[in-house]
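Take a look at the letters that make up each chain.
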Amino acid sequence: TDEKTPPLPHHGFFHFKSFRFWMAILLMSALFAAINMRVNLSMSMVCMVNLTALRETERAANRSQFLISEKCVNLKNNTSNILKTAGYNGEIVWSKQEQSQLLTATFFGTLTTAFWSGTLADKIGPKSVLSVTIIIYILITFVSPVTAQWSYPAIFVLRVLIGAGEGFLAPALGSMAGRWSTPNEKSSMAAVYTSGNQLANSLTHMINTKLCESHFRWPAVFYLSGIIGIIWLIIWQIFATNYHEDNCCVAQGEKAYLEEHSPTLRTVGFHGIPWRAIFTSRPVYAILTCQFAFSFTLAIFMSFLPQYLRDVLVLPLDQNGIYTAICFVAQLISKNALAVVADRLKRSKKMSHTVCAKMFQTIC
């Protein structure tokens, strides 16, 4: 007949019966678990390092080179006593340069894998890539406390490996998100699953300060992060699939909707990727520049803000976690609210995808 078959019913993205939304939650949990294991050092380091011993070493080095007034020496001694009273009384002696090197080691590791990890995720499937990445994260996290006390070069290597794993994380998450969302839902999907970043940074810093003050002290930070990763891995293996048509939890209406609006390609080869077009594309470099500007600021907040609050503002340990979390909580609220606005603007045809992206990036 000439009559069209009525479409199967499906639910909107933000509906508890929509598996697209629950897949976004799974991806958010993956990012939460991974970032939690990645940034746990930045917060726990403020209670790992023995500042009294470190300051004595630095003071001895300075006295051998310069003549320091007694007023400055007394001020430094007073600051050390305040920090120790505030809860910063660790047992590891790392210089400021060594601490900075550990916090930036992950970025060097990411550079080694970021350029080709996306191709691997598309070729063998993002589910497997995410699973292996989190397993590596878990193993490194569990051995980090003992390694940190044993050898600085060894813990540095582990941090580089954490960064190498992060190079697989973002492309695999993006690949999975693209398979489970339509073009008009990408902003909402991205806002939900990338919220794991802000949740990890805010909750991790507040929880870690409590763990540092507890009987178990800073090693508990790493062990808790590893346990969270194991819980996520079990749930991921049960419910996640690379393609919506292979998932038994997805209703037929939602499968038909995804097939119509976001068809998936099962064969993605390395030679089928238009590398020349990618590296000569102005939009690619525009996105790269925007991402660099955003990530530069975010990396400072993630890695060095706890140390600044300790060394410069001399905040107590319990307040350090709260003040570090404030910026990430603000970002978490704004990004999810504005993502809904962006999708509605695109869906109503009031603004194109490009103009919408430019407007929000300019505000950022």
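Values in this document were obtained by computation on a predicted structure and should not be read as measured data.

Cut-off values and rules
- Residues numbered from 1 in each chain as written.
- Predicted model: local features only at pLDDT ≥ 70, side-chain atom pairs only at ≥ 80, totals over all residues.
- Heavy atoms only, no water.
- Helix = DSSP H or I, 4+ residues; strand = E, 2+ residues; numbered from the N terminus.
- Buried < 20%, exposed > 50% of the residue type's maximum accessible area, 1.4 Å probe, protein only.
- Areas by Shrake-Rupley, 256 points an atom, 1.4 Å probe, with all protein chains shown as cover.
- Expected span 1.5 Å × (residues − 1).
- Bend = angle between axes of the 7 residues up to and from the residue.
- Phe/Tyr/Trp six-rings, centres within 6.5 Å; stacked < 30°, edge-to-face > 60°.
- Disulfide = S-S within 2.5 Å.
- Salt bridge = Lys/Arg side-chain N within 4 Å of Asp/Glu carboxyl O.
- UniProt positions renumbered as here; feature names shortened; annotations may be inferred.
- Patch = residues over 30% accessible without salt bridge, like charges linked within 9 Å, V, L, I, M, F, W, Y side chains within 5 Å.

(A) Structural context of the overall build of the protein. On a plain count of helices and strands, the protein comes out with 14 helices and zero strands. Mapped in sequence order, the helices and strands of the protein form the string α-α-α-α-α-α-α-α-α-α-α-α-α-α. Burial status across the protein gives 45% buried among its 364 residues. Summing over all exposed atoms, the protein offers an accessible surface of approximately 19,300 Å²; the carbon and sulfur share of this is 68%.

(B) Representation of helix H5 (residues 126-150) in the model. For H5, which comprises 25 residues, the first-to-last C-alpha distance of 35 Å matches the rise-based estimate of 36 Å (1.5 Å per residue) to within 8%. Of all the bends in H5, the largest measures some 50° and sits at Ser144, one to four residues before the proline Pro145.

(C) Here's a closer look at the environment of Leu139. When you line up the elements, Leu139 lands in helix H5. Overall, the relative accessible area of 57% leaves Leu139 in the exposed class. Taking the C-alpha atoms as reference points, Leu139 and Gly229, 90 residues apart in sequence, are found 9.9 Å from one another.

(D) The packing of aromatic side chains, seen in detail. The tally for this structure, following the rule as stated, stands at ten aromatic pairs. Ring geometry for Phe142 against Tyr223: centres 6.2 Å apart, planes inclined by 25°, an arrangement best described as stacked. With Phe142 in helix H5 and Tyr223 in helix H9 (residues 219-239), this residue pair connects regions lying 81 residues apart in the sequence. Arranged with centres 6.5 Å apart and planes meeting at 35°, the rings of Tyr152 and Phe156 form a pair that is tilted. Residue Tyr152 and its partner Phe156 are both found in helix H6 (residues 152-179); the two are separated by four residues, about one turn of the helix. Note on Tyr152: relative accessible area 17%, which makes it buried. Its relative accessible area of 27% is what places Phe156 among the partly exposed residues. Linked through ring pairs, Trp94, Tyr152 and Phe156 together constitute an aromatic cluster.

(E) A look at the state of the cysteines. This structure, assessed with the given rule, holds one disulfide. Each sulfur of the disulfide joining Cys47 and Cys212 lies 2.0 Å from the other. Taken together, the positions of Cys47 in helix H1 (residues 19-48) and Cys212 in helix H8 (residues 195-213) put the pair 165 residues apart, joining distant regions of the chain. Residue classification places Cys212 among the buried residues on the basis of a relative accessible area of 3%. You can see Cys364 has no disulfide; the closest cysteine sulfur is in Cys290, sitting 8.2 Å from it.

(F) Quick peek at the pattern of salt bridges. As enumerated under the stated definition, the model contains three salt bridges in all. Of the charged contacts in the structure, one is a salt bridge between Glu166 and Arg38, with a shortest N-O distance of 2.5 Å. Taken together, the positions of Glu166 in helix H6 and Arg38 in helix H1 put the pair 128 residues apart, joining distant regions of the chain. Summarising the burial analysis for this pair, Glu166 and Arg38 share the class buried. As a salt-bridge pair, Lys346 and Asp343 come within 3.4 Å of each other at their nearest N and O atoms. In this pair, Lys346 and Asp343 both sit in helix H13 (residues 317-347), three residues apart, roughly one turn of the helix. Under the relative-accessibility criterion, Lys346 is labelled buried at 9%. Its relative accessible area of 1% is what places Asp343 among the buried residues.

(G) Examining the UniProt feature "transmembrane region" (unreviewed entry) in the protein more closely. UniProt annotation of "transmembrane region" (unreviewed entry) refers to residues 20-39, 102-118, 124-144, 156-177, 220-239, 284-309 and 321-342 when read in the numbering used here. Annotation note: span residues 124-144, helix share 95%, strand share 0%, distance between end C-alpha atoms 30 Å. The span residues 284-309 is 100% helical and 0% strand by assignment, and the distance between its end C-alpha atoms comes to 37 Å.

(H) Structural view of a nonpolar patch on the surface. There is a patch of nonpolar side chains on the surface, built from Leu203, Met206, Ile207, Leu224, Ile322, Tyr323 and Ile326 and spanning about 590 Å² of accessible area. For Ile207, a relative accessible area of 41% gives the class partly exposed.

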